[in-house]
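Take a look at the letters that make up each chain.
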Amino acid sequence: MKIASKNVLITGGASGIGKIMGRIALERGAAHLFIWDINESHIKETIEEFKNKGLDDGTKVKGWKVDVTNPTLVNDTYNLIKSEFRVVDIVINCAGVITNNKPFAEQTIRDIDLTLDINAKGEMYVALAVLPDMMARNSGHICNIASEAGILAVPKMSLYVASKWAVIGWSDTLRIEFKQAKSKVRVTTAVPYFINTGLFDGIKSSIIPILKPEPTAKKIINAIERNKNYRGIPFSYHFSRFVECILPTPVFDWFFGKVLGVYTCMDHFVGRPSENKQIRQTADTK
């Protein structure tokens, strides 16, 4: 679906790759950009930045503080947008979190719930809110941002891995359901490697380079505009599952764990401590 003249909603749209995709959407002629984010100050800063760059005349970009783990808030905010702007043509589910780099045995119930609620259930809540209208008009596009961690097991990242495996399975199932229904609603599952946006600060990748945010964001936007079902970044990761199926487990572990260094990439993870603290505080008030 071409972005020009369309209304675009991006969750996690006030920082990282979500913010970059919002800027690209405006540069490609989006009619309106709707930013949902947990950080209200980041929303205001982002809107001001887009104004200063000449991408917003004060009417094109709107922002709301939305906790995607709250389905009532998700529905209410979507209905608010619909009442003023009528339609949301494109949704990019980008909100996500990594809480820590502890082994699974050291995780807490709170961390399990928080990670799965934001990364997996949050995307489903947003999709569930917008899909009835997309289906009724037989038009719309949902892009779900997953991760290569949703394909490969990564030690000390078990919760994030679990959430992104869920996203990939659910998102592709959604695509198949629309195909079977002969619907023109489209679904893109974006599966990038680690991106240098702050969310993955401290991650070490000895062979495979950490992705640069700008080109990665462009590739995801291009995938939406070209109605791609699945977009692995880098492209070689389209074959990850195939390689895992054909190689004996010890060989696969040696190659991805030792040679590529995937199994030790989380050893020095830092992430975004201040944002994780805000997310936890928000969760505590629900």
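Notes on the structure follow.

Parameters and conventions
Residues numbered from 1 in each chain as written. Predicted model: local features only at pLDDT ≥ 70, side-chain atom pairs only at ≥ 80, totals over all residues. Heavy atoms only, no water. Helix = DSSP H or I, 4+ residues; strand = E, 2+ residues; numbered from the N terminus. Rg over C-alpha atoms; globule rule 2.2 N^0.38 Å. Buried < 20%, exposed > 50% of the residue type's maximum accessible area, 1.4 Å probe, protein only. Contact = heavy atoms within 4.5 Å. Areas by Shrake-Rupley, 256 points an atom, 1.4 Å probe, with all protein chains shown as cover. Phe/Tyr/Trp six-rings, centres within 6.5 Å; stacked < 30°, edge-to-face > 60°. Pairing = 2+ DSSP bridges. Axes fitted to C-alpha atoms, helices over the stretch in contact; angles between N-to-C directions. Right-handed = clockwise from strand over helix to strand, strands pointing away.

**A closer look at the overall build of the protein chain**
Each helix and strand counted, the protein chain has nine helices and seven strands in total. A compact globule built from 286 residues would reach a C-alpha radius of gyration of about 19 Å, and the protein chain, at 18 Å, matches this within 12%. For the protein chain, the residues scored as buried account for 53% of the 286 residues in total. When contacts within the protein chain are restricted to residue pairs at least 6 apart in sequence, long-range pairs at least 24 apart make up 72% of them. For the protein chain, the accessible area works out to roughly 13,000 Å², and carbon and sulfur atoms hold 56% of it.

**Thoughts on the packing of aromatic side chains**
The final tally for this structure, using the stated rule, is six aromatic pairs. Between the aromatic rings of Phe255 and Phe256, the centroid separation amounts to 5.4 Å while the plane-to-plane angle is 85°, which identifies the pairing as edge-to-face. For Phe255, a relative accessible area of 32% translates into the label partly exposed. For Phe256, a relative accessible area of 6% puts it in the buried group. Chaining the aromatic ring pairs together yields one cluster made of Phe252, Trp254, Phe255 and Phe256.

**Notes on the sheet that holds strand β7 (residues 230–233)**
Overall, parallel pairing links the seven strands, which are arranged β3-β2-β1-β4-β5-β6-β7 in an open sheet. Each of the sheet's edge strands pairs with one partner strand only, and the pair in question is β3 (61–65) and β7. Direction aside, the axes of adjacent strands within the sheet are offset by 15° on average. Alignment of strand β1 (residues 7–11) against strand β2 (residues 32–37), held across five bridges, turns out to be parallel. Paired with Asn7 across the two strands is His32, which belongs to β2. Helix-sheet contacts for helix α1 (residues 16–27) involve β1, β2, β3, β4 (90–93) and β5 (140–145), and the interaxial angle to β1 is about 170°.

**Description of the pairing of β4**
Burial along β4 is two-sided: Ile90 and Ile92 facing one way and Val91 and Asn93 facing the other are all buried. With three bridges connecting them, β1 and β4 associate as parallel partners. Within β4, the residue paired with Ile10 across the bridge is Ile92. Relative to β5, β4 is paired through four bridges, and the arrangement is parallel. Pairing of Ile90 across the sheet is with His141, part of β5. Once the chain exits β4 it traverses helix α4 (residues 109–137) before rejoining the sheet at β5, and the crossover so formed is right-handed.

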